[in-house]
Amino acid sequence: MSNSTIPFANYQSLSDEACQARILAAKASLGKRLVILGHHYQRSDVFQHADFTGDSLKLSRLAANSEADYIVFCGVHFMAEVADILSRPEQISILPDLAAGCSMADMATLARVERAWRELKAACDPDAVFTPVTYINSAADLKAFCGEHGGIVCTSSNAPKILEWSFAQREKVLFFPDQHLGRWSGYKMGIPLDEMVMWDWDLPLGGLTPEQISKARIILWKGLCSVHQMFQPQHIQRFREAHPDGLVISHPECSFEVCRESDFVGSTEYIIKTIAEAKPGTHWLVGTEFNLVNRLAEQFKDQGKTVQFMASTVCMCSTMARIDPQHLAWCLENLVAGQVVNRIAVPPGEAALARVALQRMLDAS
Ligand code: 13P
Ligand code: SF4
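As a convention, each chain's residues are numbered from 1 in the sequence order in which they are written. Chain letters and ligand numbers both follow the written order, the letters beginning at A and the numbers at 1. Residues qualify for local features only when their pLDDT is at least 70, as the model is predicted, and side-chain atom pairs are given and counted only at 80 or more; totals for whole chains, interfaces and linings, by contrast, use all residues. Hydrogens and water are ignored here; the side-chain numbers use all heavy atoms of the structure.

**Student:** I would appreciate a short explanation of the environment of Pro280 in the present structure.
**Tutor:** Every helix listed is a DSSP run of H or I at least four residues long, and every strand listed is a run of E at least two residues long, numbered separately from the N terminus. Residue position: Pro280 is located in the loop between helix H14 (268-277) and strand S12 (283-287). Here's how the labels work: a residue is buried when its accessible area is under 20% of the maximum for its type, exposed when over 50%, partly exposed in between, all with a 1.4 Å probe on protein chains only. Judged by its relative accessible area of 63%, Pro280 falls in the exposed class. Separated by 23 residues in the primary sequence, Pro280 and Gln303 place their C-alpha atoms 5.3 Å from one another. Residue contacts follow a heavy-atom distance rule, with two residues in contact if any of their heavy atoms lie within 4.5 Å. The residues contacting Pro280, other than those within four sequence positions of it, are Gln303 and Lys305.

This is the structure in structure tokens:
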């Protein structure tokens, strides 16, 4: 066991192949002390090393139930934060590259949400009227805000159910940061589109009037995912012209128009399950991140299913892609040497409040 960490510079010029062998050796050496969780958008040369894979909801449950000393999260920053919040204090959550963030999560900062909450006081008492709901794609301090203000966390797989819970608490919802997930989930619950208004954080009172706020059932934050906004209804129209029997499936981070034109809408785990259970010979157009779609195309081609990416240009989650074999090998070999690099540790007070909002979600979903 050494006293100093092995620098990342030692790994920068290692080939992917050399990293693969070293990752396998480090995993064997750490045994049950280590669990690697991998999100479906990870590149294949990292994804193949995950002990468990899943969407955000499944991965947060796995993190909550893990017995390992080290939870290495091949995903993005908010996922490793959730793992830290839901695991025991002595367990260590690690993100192989700290630059692996989520651009959508960054669109809702605590300062902006607190300002919105203050400004809403011009129209009502937000603590009596609004349940704050944060998509899991958000920083821990926003989950803590929800914990403190009677709110909750949701994921792409449970958002309508979480909205039901939220409306059972208070008459309105402030939903951040993803406008598209909020709008689609509200629409699926039967809320008219004109009762969902958008909050622009750059404008006073979000660009809304007190009357608009009092009529609204959901206020949607203006955030979005830069990857999923690339998918367009024209992509679906062209596919349907070429494949009249084809099926379209999209992630709810896609625009409302794309979701409405799709046959199925759901989380990454739902997309995988739906295509896995489909009949051989079916033809699919998929509106979600490229690495996952590519993997599905490979996985199901032997069953005669064709799986096609929705956009004409490749759109990848560039932050997720920062987790590469070099960073994974670096983290794991440091652990073998008794050193922890890239620990994600949410401050205890914030973690306690965030856990309240996450636990409400786990109980309600
Ligand atoms: P899932 O929870 O559906 O895996 O989605 C996470 C995500 O970030 C999609 O962009
Ligand atoms: Fe965030 Fe979009 Fe990447 Fe998902 S795909 S992690 S929402 S930037």
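**Student:** Can you help me understand the packing of helix H8 (residues 140-148) against helix H17 (residues 348-364) in this one?
**Tutor:** Between two packed helices, what matters for the description is the angle formed by their axes and the separation of those axes. Axes here refer to lines fitted to C-alpha atoms; in helices the fit is confined to the stretch in contact. Angles between the N-to-C directions go from 0 to 180 degrees. With their axes 7 Å apart at the nearest point, H8 and H17 run at an angle of 70 degrees to one another. Between H8 and H17, the crossing angle belongs to the class labelled roughly perpendicular. Crossing hand, H8 versus H17: left-handed. Contact residues: Ala140, Asp141, Lys143, Ala144, Cys146, Gly147 and Glu148 in H8; Glu350, Leu353, Ala354, Val356, Ala357, Leu358 and Arg360 in H17. The cut-offs work like this: below 35 degrees is roughly parallel, past 145 is roughly antiparallel, 65 to 115 is roughly perpendicular, and the gaps in between are oblique. Should the near helix be turned anticlockwise from the far one by less than a right angle, the crossing is termed left-handed; should it be turned clockwise, right-handed.

**Student:** When you look at unusual backbone geometry in this model, what are you seeing that I'm missing?
**Tutor:** It is generally the case that most residues other than glycine have a negative phi and that most peptide bonds are trans. The amide bond that connects Phe176 to the next residue, Pro177, takes the cis arrangement and shows omega of -5 degrees. Mapped onto the elements of the fold, Pro177 is located in the loop between strand S7 (172-176) and helix H10 (179-188). The phi dihedral of Leu205 falls on the positive side, at around 50 degrees, and the residue is not glycine. On the secondary structure map, Leu205 appears in the loop between strand S8 (196-199) and helix H11 (210-215). A residue is classified by how much of its surface remains accessible, and Leu205, at 14% relative accessible area, is buried. One non-glycine residue, Asn342, adopts positive backbone phi at about 55 degrees.

**Student:** Help me out: how do you make sense of helix H4 (residues 56-65) in this one?
**Tutor:** Given 3.6 residues per helical turn, the α-helix brings residues three or four places apart onto the same face. All buried positions along H4 are accounted for by Ser56, Leu57, Leu59, Ser60 and Ala63. All buried residues of H4 fall inside an arc of 165 degrees around its axis, so they share one side. Looking at the buried positions of H4, the neighbouring elements they touch are strand S1 (34-39), strand S2 (52-54), strand S3 (70-74), helix H5 (77-86) and H17. Think of the arc as the fan of directions from the helix axis to the C-beta atoms.

**Student:** Could you clarify how one ought to interpret the site of ligand 1 in this entry?
**Tutor:** What makes a residue near a molecule or strand is one non-hydrogen atom of that residue sitting within 4 Å of it. In the neighbourhood of ligand 1, the contacting residues comprise His39, Tyr41, Asp55, Ser56, Tyr135, Asn137, Ser156, His228, His251, Glu253, Ser267 and Thr268. For the purposes of these results, a polar contact is taken to be a pair of N or O atoms within 3.5 Å, where, inside protein, one atom must be able to donate a hydrogen and its partner to accept one; residues adjacent in sequence count only when each atom of the pair is a side-chain atom. In this structure, an oxygen atom belonging to ligand 1 sits 2.7 Å away from a side-chain N or O atom of Ser156. In the model, an oxygen atom of ligand 1 is placed 2.8 Å from a nitrogen or oxygen of the His251 side chain. Each accessible area is a Shrake-Rupley estimate made with a 1.4 Å probe; only the visible protein chains count as cover when residues are assessed. For ligand 1, the accessible surface in isolation is 300 Å², of which the surrounding protein chains cover 96%. Note on residue categories: nonpolar means Ala, Val, Leu, Ile, Met, Phe, Trp, Tyr, Cys or Pro, charged means Asp, Glu, Lys or Arg, and polar means any other residue, Gly included. Tallied by class, residues from the shell around ligand 1 come to 2 nonpolar, 8 polar and 2 charged.

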